[in-house]
Amino acid sequence: MGGLAPVAGAADRAPQVREMFDTLAPSYDRANRIISMGLDQGWRRQAIAALGPAAQGEVMDLCAGTLDLSVMLCAAGARRVHAVDFAEKMLQAGAHKIPAGRDVQLVTADARALPFEDSAVDGVIAGFGLRNVPEVHRALAECHRVLRPGGRLVVLEFFVPEGLLARLLQGSYNRFVMPAIGGLVSGFGPAYRYLAGSIDAFMTRGEFERTLRAQGFAAASGREMFPPVASLVVAQKAEVSDAS
Ligand SMILES: C[S@@+](CC[C@H](N)C(=O)[O-])C[C@H]1O[C@@H](n2cnc3c(N)ncnc32)[C@H](O)[C@@H]1O
């Protein structure tokens, strides 16, 4: 794996990020469970619930990784799941988890250029992926484009905390605990240092919600999960107005 560019100011770090996730793929699930102390699957379940009725339709799992959210979408009764990620080895590492007979399409693509028609899906869900995407507003514009009018976007993510104490606590965990455990489990300490740094370099939840509105979403609101490290943001694409 090549060296990782610093998060802030990197023009397009996407190729290095893709290579990093391809390398982490075999150990990714195990590291996730340990780093989150088993909380990550509960956060994902809440994200699926936040999709509402869209979870039973045609749904895109964006930055799908090893498909934990795709599997939960199957359990929620999704008619079809498009699992999109640019790291093919992440998708392959999770493929065995898809229940037999379920319609889950694995799509290797960049979140900033989705190979889908306009208004193609009822819902988009993105778990812990968007903070890795350079020029994240382009990915959000793509989410808006591929959603049908009235469709819903749910984002599960680690944002920069607003409060000083939370910033201090999360910062220490990210700087020291995450790279140590992630490094131990995966053998790739620098990758987990990068992932921790990508949280510090991302947005606050408020900034993210404003970015969603700037990309055309009619409503965007979020909440912290418990414990207050991960957050959930739900945004809606406007219904087409009859008056237009
Ligand atoms: C931290 S993992 C999260 C995976 C999964 N959603 C989960 O809940 O565990 C982030 C994923 O985002 C993908 N990713 C990052 N940047 C991307 C981009 N520009 N386009 C598509 N996928 C991207 C990575 O390859 C990786 O699999």
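As a reminder, the structure under discussion sits directly above these lines.
As a starting point, this report considers the structure included with it. (Residues numbered from 1 in each chain as written. Predicted model: local features only at pLDDT ≥ 70, side-chain atom pairs only at ≥ 80, totals over all residues. Heavy atoms only, no water.)

A few words now on the site of the ligand. Taken together, 19 residues surround the ligand, and among them Tyr28, Cys63, Asp85, Ala111 and Gly127 come closest. Contacts to the ligand include Tyr28, whose side-chain N or O atom sits 2.8 Å from an oxygen atom. Between the ligand and Arg44, the relevant distance is 2.9 Å, taken from an oxygen atom to a side-chain nitrogen or oxygen of the residue. Expressed as a share of its isolated accessible area of 600 Å², the protein-covered part of the ligand is 99%. (Near = heavy atom within 4 Å. Polar contact = N/O pair within 3.5 Å; in protein donor to acceptor, adjacent residues only side chain to side chain. Areas by Shrake-Rupley, 256 points an atom, 1.4 Å probe, with all protein chains shown as cover.)

What follows covers helix α6 (residues 136–146). Inspection of α6 places Val136, Ala139, Leu140, Glu142, Cys143, His144 and Val146 among the buried residues, and these make up the whole buried set. Tucked inside the fold, the buried residues of α6 contact β1 (58–62), β4 (121–127), β5 (147–157) and α9 (205–214). (Buried < 20%, exposed > 50% of the residue type's maximum accessible area, 1.4 Å probe, protein only. Helix = DSSP H or I, 4+ residues; strand = E, 2+ residues; numbered from the N terminus. Contact = heavy atoms within 4.5 Å.)

Below, the discussion takes up the packing of helix α1 (residues 14–24) against helix α8 (residues 189–200). Where α1 contacts α8, the two axes come as close as 11 Å, and the packing angle between them is 125°. Accordingly, the angle class assigned to the pair α1 and α8 is oblique. Helix-helix and strand crossings are classified by hand; for α1 and α8 the assignment is left-handed. Residues Val17, Met20, Phe21 and Leu24 of α1 form the contact with α8, whose own contacting residues are Ala191, Tyr192, Tyr194 and Leu195. A per-class count over the contact of α1 with α8 returns eight nonpolar, no polar and no charged. (Axes fitted to C-alpha atoms, helices over the stretch in contact; angles between N-to-C directions. Parallel < 35°, antiparallel > 145°, perpendicular 65-115°, else oblique. Left-handed = near helix turned anticlockwise from the far one by under 90°. Nonpolar A, V, L, I, M, F, W, Y, C, P; charged D, E, K, R; others polar.)

What follows deals with the environment of Glu162. If you trace the backbone, Glu162 turns up in the loop between β5 and α7 (164–186). On the basis of relative accessibility, which here comes to 57%, the residue Glu162 falls in the exposed class. When the C-alpha positions of Glu162 and Val59 are compared, they lie 31 Å apart, and in sequence the two are 103 residues distant. Non-local contacts of Glu162, meaning those with residues more than four positions away in its chain, are made with Arg167, Thr204, Arg205 and Gly206.

Attention now goes to unusual backbone geometry. Backbone geometry at Met37 places phi at a positive 55°, although glycine is not the residue there. Within the secondary structure, Met37 sits in the loop between α2 (28–35) and α3 (40–50). The exposure class of Met37 is exposed, given its relative accessible area of 64%. For Glu135, which is not a glycine, the phi torsion comes out positive at approximately 50°. Within the secondary structure, Glu135 is located in the loop between β4 and α6. For Glu135, a relative accessible area of 38% gives the class partly exposed.

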